[in-house]
Amino acid sequence: MASSTDLDIVNVTKRFGSHAAVDDVSFSVAPGEFFSILGPSGCGKTTLMRMIAGFEHPTSGDIRIRGQSMIGVPANKRPVNMVFQSLALFPMMSVGENVAYGLTCRGVSRAEADERASRMLERVGLKGFGSRRVTALSGGQRQRVAIARCLVLEPTLVLLDEPLGALDLKLREHMKIELKQLQGTFNTTFAYITHDQSEALVMSDRIAVMNQGRFEQVGSPRELYHNPATPFVASFVGETNRLQGEAAAVSNGTIAVRLPSGAVVQGQGKGAAKALAFVRPEAVALAQDPASLSNLPNRFEGRVSAVLFDGAASSLLIDTTGFEQPVRAVLPQAGPLAGIQVGAPVHVGWTADAMKVFAA
Ligand SMILES: Nc1ncnc2c1ncn2[C@@H]1O[C@H](COP(=O)(O)OP(=O)(O)OP(=O)(O)O)[C@@H](O)[C@H]1O
């Protein structure tokens, strides 16, 4: 029977002894989708991926690929290929031999395997590299060989386990974009695991945020960023200011949170005796004249404690009256505040809509 999904994870649990590394996780991935699983070290991402690949077996639940249950199907019989952080290329083989290897293992003739490998190398931008040693390639080129070696087998699903983890920052930034574009041109379904939120945000159609064996939220990068469902998602995805306090009063859907200093912030959401409030740095308005913030329910005075210069991503830390932690705000690119210095007085403000409140 044809399936409208490439991957279905149905109530999958994996226990090691009494510890549930993966705890009742369910999700589906559509054909051609770039789906990421994002979470901190130890949250269970690798265990989940290994179960999909067939290197590990679920304690309970089902894993279906194009509607077919994979329970009991050995790893080498699944229509799945995996790209590892180490890439696991064969250093003794040429680039072309690395890409052709999986095909010859499957009984494809040498001539045809070479032909398909060279076409695949062309598609990943490595035309003419077939006879090179893999050791004579840059980190980014090796990355592309690893992808080519995987895609040449035409898997239904490609699993990628932190494949950019070993690259330096600059190359990682570049490969993020390249990987996304490659996935788009091949229209192959990718399941990607990472602990790097910016990788996940840039590349994914949808992201599952994983914490302690469970999915906290599944959504598009925008949904996760703008409408986090839990405090964990709010703090793990993107930069944010996090304030702890107690929920004071609720009126017209706005909730007031009293900070330990007695200062009160206004936000949207649900609070309890203990509440957590989050506001993104780019939602914090800055002004030298407090009158220009008078329409904002959250207005405070402060003083710049640090200027974190990073080009267009520059930010300010502002010691703010009544706050335990400095408030982080985006450094304006133009106007009177663009050149603001440490020690300068400044007023900060934000709307109640920009502040998400959760019961702690
Ligand atoms: N074979 C195993 N036996 C016992 N415990 C295991 C085994 N494999 C993983 N675990 C435990 O399961 C939990 C999840 O591990 P997993 O490797 O899936 O996490 P992860 O999110 O991929 O982390 P990382 O990003 O560090 O690789 C951890 O607490 C880990 O110690």
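Rules behind the numbers
- Residues numbered from 1 in each chain as written.
- Predicted model: local features only at pLDDT ≥ 70, side-chain atom pairs only at ≥ 80, totals over all residues.
- Pairing = 2+ DSSP bridges.
- Helix = DSSP H or I, 4+ residues; strand = E, 2+ residues; numbered from the N terminus.
- Contact = placed C-beta atoms within 7 Å.
- Axes fitted to C-alpha atoms, helices over the stretch in contact; angles between N-to-C directions.
- Parallel < 35°, antiparallel > 145°, perpendicular 65-115°, else oblique.
- Left-handed = near helix turned anticlockwise from the far one by under 90°.
- Near = placed C-beta within 6 Å.
- Nonpolar A, V, L, I, M, F, W, Y, C, P; charged D, E, K, R; others polar.
- Expected span 1.5 Å × (residues − 1).
- Buried ≥ 20, exposed ≤ 12 C-beta atoms within 10 Å, placed from the backbone.

Caption draft 1: Geometry of the sheet that holds strand S4 (residues 60–65). The sheet built from four strands is open, its strands ordered S2-S1-S4-S5 with antiparallel pairing. The outermost strands of the open sheet, each flanked by one partner alone, are strand S2 (19–29) and strand S5 (68–69). Each of strand S1 (7–16), S2 and S4 is contacted by helix H1 (residues 45–53), which is oriented at about 60° to S2, the strand it contacts most.

Caption draft 2: A look at the packing of helix H2 (residues 95–105) against helix H3 (residues 110–123). The contact between H2 and H3 brings their axes to 8 Å, and the two run at 125°. When the axis of H2 is compared with that of H3, the two are oblique. Once H2 is placed against H3, the crossing between them reads as right-handed. On the side of H2, the interface is formed by Val 95, Gly 96, Val 99, Ala 100, Leu 103 and Thr 104, while H3 contributes Arg 110, Ala 113, Asp 114, Arg 116, Ala 117, Ser 118, Met 120 and Leu 121.

Caption draft 3: Local environment of the site of the ligand. Around the ligand sit Phe 16, Ala 21, Gly 39, Ser 41, Gly 42, Cys 43, Gly 44, Lys 45, Thr 46, Thr 47 and His 195, and that is every residue in its neighbourhood. Residues that form the shell around the ligand fall into these classes: three nonpolar, seven polar and one charged.

Caption draft 4: A look at the sheet that holds strand S10 (residues 214–219). Pairing within the open sheet is mixed, and its six strands lie in the order S6-S7-S8-S3-S9-S10. Either end of the sheet is taken by a strand with one partner, and the two such strands are strand S6 (80–83) and S10. The sheet shows a mean angle of 20° between the axes of neighbouring strands, direction not considered. The pairing of strand S3 (residues 34–38) with strand S9 (residues 206–211) spans four bridges and is parallel. Bridged to Ser 36 within S9 is Ile 207.

Caption draft 5: Representation of helix H5 (residues 169–186). Spanning 18 residues, H5 covers 26 Å between terminal C-alpha atoms, matching the ideal 26 Å at 1.5 Å per step. In this structure, the buried side of H5 is in contact with S3, helix H4 (139–151), strand S8 (189–194) and helix H6 (197–203). Of the residues trailing H5, Asn 187 is marked for its positive phi of about 55°.

Caption draft 6: Up close: the pairing of S6. Going residue by residue along S6, you find Val 80 and Met 82 tucked away on one face and Asn 81 and Val 83 tucked away on the opposite face as well. Note: S6 against strand S7 (residues 157–161), four bridges, orientation parallel. From the neighbouring strand, Val 83 faces S7, where its bridge partner is Leu 160.

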